Every structure is written in structure tokens, then in C-alpha cells.
Amino acid sequence: MVNRLETPEFQEVLEYLKKWKRDGILEADMLSLSDNEGERGLELMLAERKPCETNVPVWSVSASYIRSLASAHPEWSYGFFLYLSANQNYYRNEKAMGSALYISSRTKYPETAIRLLEKIHTDQRYYDLFLYGVDGIHYHNVDGAVSHEGIALSNRYGMTVANDRLLGRQYLEVDDEWAEVCAQIDVWREDAAATAVVNPLDRYEFSPGGLERELHRLETVRLQYFQPLVCGYYDGSEDLERAVGELEKAGLAEYMAEIERQLAVYYDQLGQ
């Protein structure tokens, strides 16, 4: 296993972040922001205060960014790169690890939470209200498709984790050109799925039992030393060396060794 902080590629990334912070591309208050600032990012893009660059899924871009940006700046054009298409292997999981919904063990009323999820995913009217809002106020239902034309940005619903492919409605594309882009992406997705192989780590799940103290220490170090680095607070290699040193003192070696041990057991069970 490799600690990415010790790779030259990661140091190159930090140099870029340092430059972006110096040039004012990164927000001065990045460290105080939440992990999900999609709506705020769109507002900055519309005000021409942030580069229109993102690596979010195309369905999210199509449902929010492109539609809003094209409406405010019809003269703009966009380029994109399907970074997964650069890989020779395209993996798929046999189980929906990335899209499963869970009820937290801390929930006081788990039965109520389950009933809520069941209602969302079995009642089209309730699903529409939950995902899109009120027709005519938060969106327009145009022949069964969702349109935000004429709807103020402040009235539009953001993306949620409870979307459903069976009940979800199609979003009207901004224009014919973007519709062609989405159609090409669908073709690429089908081609990739046809040649995809099962992820070799599909059934592997890391068990952190016995490492609770190390995980707590590592998380503390991540917030104190690593998080500032990726927010542009980087003066040179000494900062990176300090972060790596603190991670090692917090138990990084033990953590990585346990992952390797569990992986060895997993592969042994597979007969590899």
C-alpha cells in the first residue's frame, strides 16, 4: 500500500492548490465551509466569481448547473471529459454499495423512518413533492418531465439521496446540443457496462475493530494537518512532511498494516 501524501503527484496537487489560493480562486473561508457547497458554487459561477469546473455526475450537472448557467449566460459553451473512459478497465459492483439507504442506529424512531422511505418510493405524488416540490412553484410538470424554466433559483429543490430510477422524472434538457451530449453519454455508459468486469474488491469490507483509538487519532490529525493542505494552506514540503509525521505518530502504520492483513485474508478466501 502507498501513502498518497508521500507521492510526487500529491505534492504537485498541493502546488496547484497553493497557487489557486494565492490567485483568489479558492475561497478564503474554505476551511469553515461544509463538504457540500454545490448550491453556493453555482451562485458563484452565475456571478462569474468561480471557474465553471466540476467533477460531479452528469445527471447532477444536467439537472442543475447547466440549466441555470445556460439560462443566465446563453453565450457560454462548455467542455467536458469522461475521466472513467480513460481507464482500460471499467468495474461494476454486484451489490449497490454506492446507492444504498440506511437507517442510523442513533435514530429514535427507526420504524417511522422506514415508513417515510417506503412512502417516498411507492407513492408518485409524494415522491414528486419530496424530490421536485410543488408544481408551478418549485418546478413545472411538462408532459411528465421536469422543467425549471421561469422558476427562480431560490425556489428550486436541490438533489437528494432518495431519488428513484423507477419514479424519477426526466429533466427537460436546456437545448438540443446538451441533449445530444447526454445521449452520447448514455451510449458510452451502455458500451462500458457491456465490457465491465466485477470489481475485485466488490465483497471486501474493512472492519476497524480494535483500531478505534488509532482511527480517532488519525481523524484528528486529518482535520488539523491534512485538511488545511488541500484548502491551499501549503507553504512547502515541510508542511507535507509535518502532516505525514503526525499521521505516523497517530498510528498510520498500524492502520495500513491491518488493511493489508484483511485484504490478504479476503484474497485468500477468493483463492487468489
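Figured I'd write up the structure that's included with this text.

Right, let's get into the packing of helix α7 (residues 212–229) against helix α8 (residues 237–250). It is at 9 Å that the axes of α7 and α8 come closest, and there the two elements cross at 175°. Taken together, the axes of α7 and α8 are roughly antiparallel relative to one another. Along its contact with α7, which presents Glu214, Arg217, Leu218, Val221, Tyr225 and Leu229, the element α8 presents Asp239, Leu240, Arg242, Ala243, Glu246, Leu247 and Ala250. Classifying every residue of the contact of α7 with α8 gives eight nonpolar, no polar and five charged.

What follows concerns the pattern of salt bridges. Enumeration according to the criterion identifies eight salt bridges in this entry. Salt-bridge contacts for Lys19 lead to Asp23; the nearest nitrogen and oxygen are separated by 2.7 Å. According to the relative accessible area criterion, Lys19 is partly exposed, its value standing at 38%.

It is worth spelling out the packing of aromatic side chains at this point. A complete count under the given rule lists seven aromatic pairs for this structure. Of the aromatic side chains, those joined through ring pairs into one cluster are Tyr127, Tyr132 and Tyr139.

This part takes up helix α9 (residues 252–270). With 19 residues, α9 extends 27 Å between its outermost C-alpha atoms, agreeing within 8% with the 27 Å of an ideal straight helix rising 1.5 Å per residue. Of the positions making up α9, those classed as buried are Leu252, Met256, Glu258, Ile259, Gln262, Leu263 and Tyr266. Mapping the buried residues of α9 onto a view down its axis gives an arc of 155°, with all of them on the same face. Of the exposed residues in α9, the ones pointing more than 90 degrees away from its buried face are Ala253 and Asp268. Among the structural elements, α7 and α8 are those in contact with the buried residues of α9. Downstream of α9 by one or two residues, Gly271 has phi in the positive range, about 80°.

This part covers the side chain of Ser147. In this fold, Ser147 is placed in strand β3 (residues 145–147). Apart from the residues within four sequence positions on either side, Ser147 is in contact with Tyr139, His140, Val142 and Leu172.

Before going further, it helps to spend a moment on the packing of helix α4 (residues 110–120) against helix α5 (residues 124–131). For the pair α4 and α5, the least separation of the axes is 7 Å and the interaxial angle reads 100°. By the angle class used here, α4 and α5 are roughly perpendicular. Contacts between α4 and α5 pair Leu116, Lys119 and Ile120 from the former with Tyr126, Tyr127 and Phe130 from the latter. Here the contact of α4 with α5 is composed, by residue class, of five nonpolar, no polar and one charged.

Counting 17 residues, the largest nonpolar core has Leu5, Phe10, Leu14, Leu229, Leu240 and Leu247 as the members making the most contacts within it. Looking at this core, the elements with two or more residues in it are α1 (8–22), α7, α8 and α9. It is α8 that provides the largest number of residues to this core, a total of five residues. Leave out the neighbours within four places in its chain, and Leu247 touches Leu5, Leu218, Val221 and Leu252. Formed by eleven residues, the second largest nonpolar core is a distinct cluster that contains Val58, Val61, Ile66 and Trp178.

The grouping of Tyr16, Trp20 and Ile25 at the surface amounts to a nonpolar patch, some 280 Å² of accessible area in total. What makes Ile25 partly exposed here is its relative accessible area of 36%.

Rules used throughout
Residues numbered from 1 in each chain as written. Predicted model: local features only at pLDDT ≥ 70, side-chain atom pairs only at ≥ 80, totals over all residues. Heavy atoms only, no water. Axes fitted to C-alpha atoms, helices over the stretch in contact; angles between N-to-C directions. Helix = DSSP H or I, 4+ residues; strand = E, 2+ residues; numbered from the N terminus. Parallel < 35°, antiparallel > 145°, perpendicular 65-115°, else oblique. Contact = heavy atoms within 4.5 Å. Nonpolar A, V, L, I, M, F, W, Y, C, P; charged D, E, K, R; others polar. Salt bridge = Lys/Arg side-chain N within 4 Å of Asp/Glu carboxyl O. Buried < 20%, exposed > 50% of the residue type's maximum accessible area, 1.4 Å probe, protein only. Phe/Tyr/Trp six-rings, centres within 6.5 Å; stacked < 30°, edge-to-face > 60°. Expected span 1.5 Å × (residues − 1). Arc of directions from axis to C-beta. Core = buried A, V, L, I, M, F, W, Y, C linked by side-chain atoms within 4.5 Å. Patch = residues over 30% accessible without salt bridge, like charges linked within 9 Å, V, L, I, M, F, W, Y side chains within 5 Å. Areas by Shrake-Rupley, 256 points an atom, 1.4 Å probe, with all protein chains shown as cover.

All we've got here are geometric facts, nothing functional implied.
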